[in-house]
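Chains, contacts and geometry: an overview
Okay, here's what each chain looks like letter by letter:
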Amino acid sequence: MSSKINVNQLNLWYSDFHALKNIQIAIEEKQITAIIGPSGCGKSTLLRVFNRMNDLVEGVRMQGEVFIDGMNILDSKTDLVTLRKRVGMVFQRPNPFPLSIYENVAFGQRIHNHITKNSLDEIVERCLKCVLLWDDLKDKLHKSALHLSLEQKQRLCIARLLAVKPDLLLMDEPCSALDPQSTARIEELMRELKTDYTIIIVTHNMQQAARISDRTAFLLLGELIEHGTTSKIFTNPTKKDTEDYISGRYG
Amino acid sequence: MQKFKEFIIEKLILISGLASIFFVILIFLFLLKEGLALFKFVNPGQFLFGKNWYPISEPAQLEILPLILGSLLVTLGAAVISIPIGVGCAIFIAEVSPPSIKEILKAGIELLAAIPSVVLGFIGMVTLVPWVKNIFQLPTGLTAVSGSIMLAFMAMPTIVSIAEDALYSVPKSYKEGALALGSTKWQAIYRVLLPAASSGIFAAVMLGLGRVIGETMAVMMITGNAAVIPKSILQPVRTLTATIAAEMGEAVVGSEHYFALFAIGIVLFVVSFMINVTADLFLHRKKI
């Protein structure tokens, strides 16, 4: 099993609603995997299984196994703090904290480590450079992060993640609030991040999935219909449902 | 005909709106007229900072520093007790408690707000006062600290409900973001939610304290009413409000004493006004 993540017979219920049905999928390391499907098909739910963010929802129930690097994260003994440090998440709406730019990036270090001022400065600089914000923002690190543009905010949220040193990045429609140019630049950033991180992105923008992902998974009504290399899914899908969806017949 | 009806209703509503402002202005003018008359007899500096309040001695000494300090001491004491408990309670209701307990707590807080202050004062008098007397081995339990404890109960509902609102209106995405970075629940509350809600929480505290400063009945019943400069919280004190309530009935209309009580009213009005304005500024301040 060389895969980064192995999902085995995963079922998830929100109270009575069966949101994920018998999901079986392997996700490869240092690739971008896109999860596509119409609204309400369970894409975000599946994504939120990987860092157990679904635990916050009242009445959620999970069954099955999800191995990340061989560890079953659905095990009740899983330490959520450690898990979420390793599995970072970028949200649909950029959600920088109402703190300074510096403190946003430093947040992860502050909650996880006791660290000296110097090395903190270094980490902040490295992470902001990594998301190409450093040159623009290095003179206003102590200004509020809420005044940035949407794209800058989303980059900042990614920088904030990188500071925690995750190895898996979950992105929940990270570009849906952005204009096309910003989207293109964030996608560029994702391609660069791919060399160091395993990325899973949820998107209902099929072109985006086709542009950036190596592999694509298609979900419909809580079931995984098809999963394979992106080129295969988009040019030669095996299932009728997949073909109908990517050719825009519904969704 | 329809139009005429509209016109009448519109004007009636306008008059009701203006009436409240009109009465506030009238009250304020009356307060000023009666209060400022005092300063024909006593100079304002001496009135505010002199140490002797002997309104019925001959000549009357009308100096309110002991009363100001009494009010301050009782208010500070109430703040020390009610702020941590109130804010803690708000955090619990907004972030920690399961929904069922949350409803019970909120109903309880509302109930606390509904208890008339004279009833709280009365309960304090028969339960708290003897308790304070025994615990601290005092000659009397009618002290500043008893007043502070009772007033803390009165400030609590305001602090809890407004601070809870402030916490509740912090976008859920902040909390999610913090948790997704691997923070614990408490880290998310302490590092993100509290700073984000800080101006609302500050306003909650100010409004709570505003209520404490203006409170009369309970403090009059349990603080002992001794108009001396307090040296410790275990002494009887007299507050500005209690002085007015206790002495207005016996002051001769038009006497210096009578004017002095109105002047105290102005002091109270100014203090409450400043507290409310500060709270308002913070409540409506743009988040950073």
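Residues numbered from 1 in each chain as written. Chains lettered and ligands numbered in written order. Predicted model: local features only at pLDDT ≥ 70, side-chain atom pairs only at ≥ 80, totals over all residues. Heavy atoms only, no water.

Observations concerning a nonpolar patch on the surface
Residues and elements named next belong to chain B.
- A cluster of nonpolar side chains, Leu14, Leu18, Ile21, Ile25, Phe28, Leu29, Phe269, Val270, Phe273, Met274, Val277 and Leu281, forms an exposed patch at the surface whose accessible area comes to about 1,100 Å².
- Among the elements of the structure, helix H1 (2–36) and helix H11 (256–284) are those that each provide at least two residues to the nonpolar patch.
- When you line up the elements, Leu29 lands in helix H1.
- The class of Leu29 is partly exposed, set by a relative accessible area of 48%. (Patch = residues over 30% accessible without salt bridge, like charges linked within 9 Å, V, L, I, M, F, W, Y side chains within 5 Å. Areas by Shrake-Rupley, 256 points an atom, 1.4 Å probe, with all protein chains shown as cover. Salt bridge = Lys/Arg side-chain N within 4 Å of Asp/Glu carboxyl O. Helix = DSSP H or I, 4+ residues; strand = E, 2+ residues; numbered from the N terminus. Buried < 20%, exposed > 50% of the residue type's maximum accessible area, 1.4 Å probe, protein only.)

Details of helix H7 (residues 172–180) of chain B
- Of the residues making up H7 of chain B, those classed as buried are Tyr174, Glu176, Gly177, Ala178, Leu179 and Ala180 of chain B.
- Along its buried surface, H7 of chain B packs onto helix H1 (43–49), helix H2 (80–86), strand S6 (87–90), helix H3 (101–112) and helix H6 (150–162) of chain A together with helix H8 (185–214) of chain B.
- Phi turns positive one or two residues past the end of H7 of chain B, at Gly182 of chain B, with a value near 90 degrees. (Contact = heavy atoms within 4.5 Å.)

A closer look at the pattern of salt bridges
Residues and elements named next belong to chain A.
- Applying the stated criterion across every chain, the model contains 21 salt bridges over all chains.
- Glu187 serves as the salt-bridge partner of Arg211, at 2.7 Å between the closest nitrogen and oxygen. With Arg211 in helix H8 (residues 206–212) and Glu187 in helix H7 (residues 180–193), this residue pair connects regions lying 24 residues apart in the sequence.
- Taken together, the salt bridges that share partners define one network made up of Lys4, Glu29, Asp69, Arg86 and Asp167.

What to know about the interface of chain A and chain B
- Contacts between the two partners involve 26 residues from chain A, matched on the other side by 18 residues from chain B.
- A combined buried area of about 1,900 Å² lies between chain A and chain B, and 68% of that area is made up of carbon and sulfur atoms.
- Three residues stand out in chain A for area buried against chain B, namely Pro98, Phe107 and Ile111 of chain A, and they jointly supply 28% of the buried area on that side.
- At the surface where chain A touches chain B, the tally comes to 1 salt bridge.
- Of the charged contacts, one joins Glu176 of chain B and Arg48 of chain A as a salt bridge, the two residues approaching to 2.9 Å between their closest N and O atoms.
- Applying the counting criterion to the chain A and chain B interface returns 4 residue pairs in polar contact (both at pLDDT 80 or more).
- With 4 residues, the single largest contributor to the side of chain A that touches chain B is H3 of chain A.
- Across the side of chain A that touches chain B, the residue classes break down as 15 nonpolar, 5 polar and 6 charged. (Buried area = accessible area lost by both parts, 1.4 Å probe. Polar contact = N/O pair within 3.5 Å; in protein donor to acceptor, adjacent residues only side chain to side chain. Nonpolar A, V, L, I, M, F, W, Y, C, P; charged D, E, K, R; others polar.)

Remarks on the nonpolar core
- Ranked by size, the top nonpolar core spans 121 residues in total, and within it Ile5, Leu10, Phe50, Val66, Leu128 and Ile200 of chain A together with Leu167 of chain B carry the most contacts.
- Setting aside chain neighbours within four positions, we find Ile200 of chain A in contact with Ile5, Ile27, Thr33, Ile35, Leu47, Phe50, Leu168, Leu169, Leu170 and Met171 of chain A. (Core = buried A, V, L, I, M, F, W, Y, C linked by side-chain atoms within 4.5 Å.)

Focus: the domain arrangement of chain B
Residue and element names in this part refer to chain B.
- As far as domains go, chain B holds domain 1 (2–40) and domain 2 (53–284).
- Between the C-alpha centres of domain 1 and domain 2 there is a distance of 30 Å.
- Tallying the contact residues gives 10 residues for domain 1 and 10 residues for domain 2.
- Buried surface at the junction of domain 1 and domain 2, both sides included, amounts to about 830 Å², of which 87% is carbon and sulfur.
- When the buried area of domain 1 at its contact with domain 2 is split by residue, Leu31, Glu34 and Leu38 rank highest and sum to 61% of it.
- Applying the counting criterion to the domain 1 and domain 2 interface returns 0 salt bridges.
- Taken together, the connections running from domain 1 to domain 2 amount to 1 residue pair in polar contact (both at pLDDT 80 or more).
- For the side of domain 1 that touches domain 2, the per-class residue count stands at 8 nonpolar, 1 polar and 1 charged. (Domains from an automatic or database assignment.)

Comments concerning the pairing of strand S9 (residues 215–220) of chain A
Residues and elements named next belong to chain A.
- Of all 6 residues in S9, 6 are buried, a share of seventy percent or more.
- Burial along S9 is two-sided: the face carrying Arg215, Ala217 and Leu219 and the face carrying Thr216, Phe218 and Leu220 are both buried.
- The sheet contact formed by strand S3 (residues 32–36) and S9 spans 4 bridges and is parallel. When the bridges of S9 are listed, Ala34 appears paired with Thr216. (Pairing = 2+ DSSP bridges.)

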